[in-house]
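# Tertiary structure, described
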Amino acid sequence: MKLEGGCQCGAVRYSVEGEPQHVAFCHCADCQKSSGAPAVAWAAYAADDFAVTAGAASSYSSNGDAIRHFCPTCGSGLYYVNEAVLPGLVDIQVASLDKPDTLQPQAHIQVAERISWMKHAASLPEFERYPG
Ligand SMILES: [Zn+2]
Ligand SMILES: [Zn+2]
């Protein structure tokens, strides 16, 4: 299955083909600091199945061999490469896909570093928009 995604401003676009090797929420402190969010959903694809199709991402080594790629204009996080820990794989940020519903996370990883209140986040009250 071919999927497309990109950054918020549209300058950087990418595609992935085939099936992801795994899809998971990462709760590590590195993802938290990089995204400014409590967790990041990732989908790991073989590097050969990933292509940047428009523009070019900037990159930053957030932690040793971890290279995070993001749009230099709007800052959207896009993909991650770590040849030491995940050789041959490119992790894409699921929420940067045009249709993020397509890839369902299968697990929570790195929960040793999870922000404590995230454990029960799914049980919070919900509002269609804002509380009335
Ligand atoms: Zn952008
Ligand atoms: Zn992480």
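Residues numbered from 1 in each chain as written. Chains lettered and ligands numbered in written order. Predicted model: local features only at pLDDT ≥ 70, side-chain atom pairs only at ≥ 80, totals over all residues. Heavy atoms only, no water.

Our focus in this paragraph is the coordination of the zinc ion (ligand 2). For the zinc ion (ligand 2), the full set of protein donor atoms is Cys26 (SG), Cys28 (SG) and Cys31 (SG), and the range of their distances to it is 2.1 to 2.3 Å. Donor residues for the zinc ion (ligand 2) sit on one chain with the sequence pattern C-x1-C-x2-C. Comparing Cys28 with Cys31, the two get one shared label, buried. (Donors = N, O, S within 2.8 Å, 3.2 Å for Na, K, Ca; no water. Buried < 20%, exposed > 50% of the residue type's maximum accessible area, 1.4 Å probe, protein only.)

Taken in spatial order, the 3 strands line up as 1-2-5 in an open sheet, and their pairing is antiparallel. The sheet is open, and its two edges are formed by strand 1 (3-6) and strand 5 (50-54), each paired on a single side. Mean inter-strand twist for the sheet, computed between neighbouring axes without regard to direction, equals 30 degrees. When strand 2 (residues 13-16) meets strand 5, the two strands line up antiparallel, connected through 4 bridges. Bridge pairing in strand 5 links Tyr14 to Val52. (Pairing = 2+ DSSP bridges. Helix = DSSP H or I, 4+ residues; strand = E, 2+ residues; numbered from the N terminus. Axes fitted to C-alpha atoms, helices over the stretch in contact; angles between N-to-C directions.)

All right, on to the coordination of the zinc ion (ligand 1) then. For the zinc ion (ligand 1), the protein coordination sphere consists of Cys7 (SG), Cys9 (SG), Cys71 (SG) and Cys74 (SG), at 2.3 Å. What the 4 donor atoms of the zinc ion (ligand 1) show is an angle range of 105 to 113 degrees at the metal, which sorts the shape as tetrahedral. Donor residues binding the zinc ion (ligand 1) come from one chain and are separated in sequence as C-x1-C-x61-C-x2-C. According to the relative accessible area criterion, Cys74 is partly exposed, its value standing at 28%. (Tetrahedral: all angles 85-135°; square planar, octahedral: opposite > 155°, others 65-115°.)

On to the nonpolar core, then. Among the nonpolar cores identified, the biggest contains 19 residues, and Ile92 and Leu103 are the most heavily contacted of them. When residues of this core are traced back to their parent elements, those giving at least two are strand 2, strand 4 (40-46), strand 8 (77-81) and strand 9 (89-93). When near neighbours in sequence (up to four residues on either side) are disregarded, Ile92 contacts Tyr14, Val16, Ala41, Trp42, Ala43, Tyr45, Phe50, Leu78, Tyr79 and Leu97. Cys28, Cys31, Val40 and Tyr80 belong to the second largest nonpolar core, which has 7 residues in total. (Core = buried A, V, L, I, M, F, W, Y, C linked by side-chain atoms within 4.5 Å. Contact = heavy atoms within 4.5 Å.)

Here we take up the packing of aromatic side chains. By convention here, two paired aromatic rings are described through the distance between centres and the angle between planes. Taken as a whole, this structure holds 3 aromatic pairs when the rule is applied. Residues Tyr14 and Phe50 carry aromatic rings whose centres are separated by 5.8 Å and whose planes lie at 35 degrees to one another, so their mutual orientation is tilted. Placement of the pair is Tyr14 in strand 2 and Phe50 in strand 5, with a sequence separation of 36 residues. Ring centres of Trp42 and Tyr80 lie 5.5 Å apart, and the angle between their planes is 55 degrees; this geometry places the pair in the tilted category. Note that Trp42 is positioned in strand 4 and Tyr80 in strand 8, a separation of 38 residues in sequence. Linked through ring pairs, Tyr14, Phe50 and Tyr79 together constitute an aromatic cluster. (Phe/Tyr/Trp six-rings, centres within 6.5 Å; stacked < 30°, edge-to-face > 60°.)

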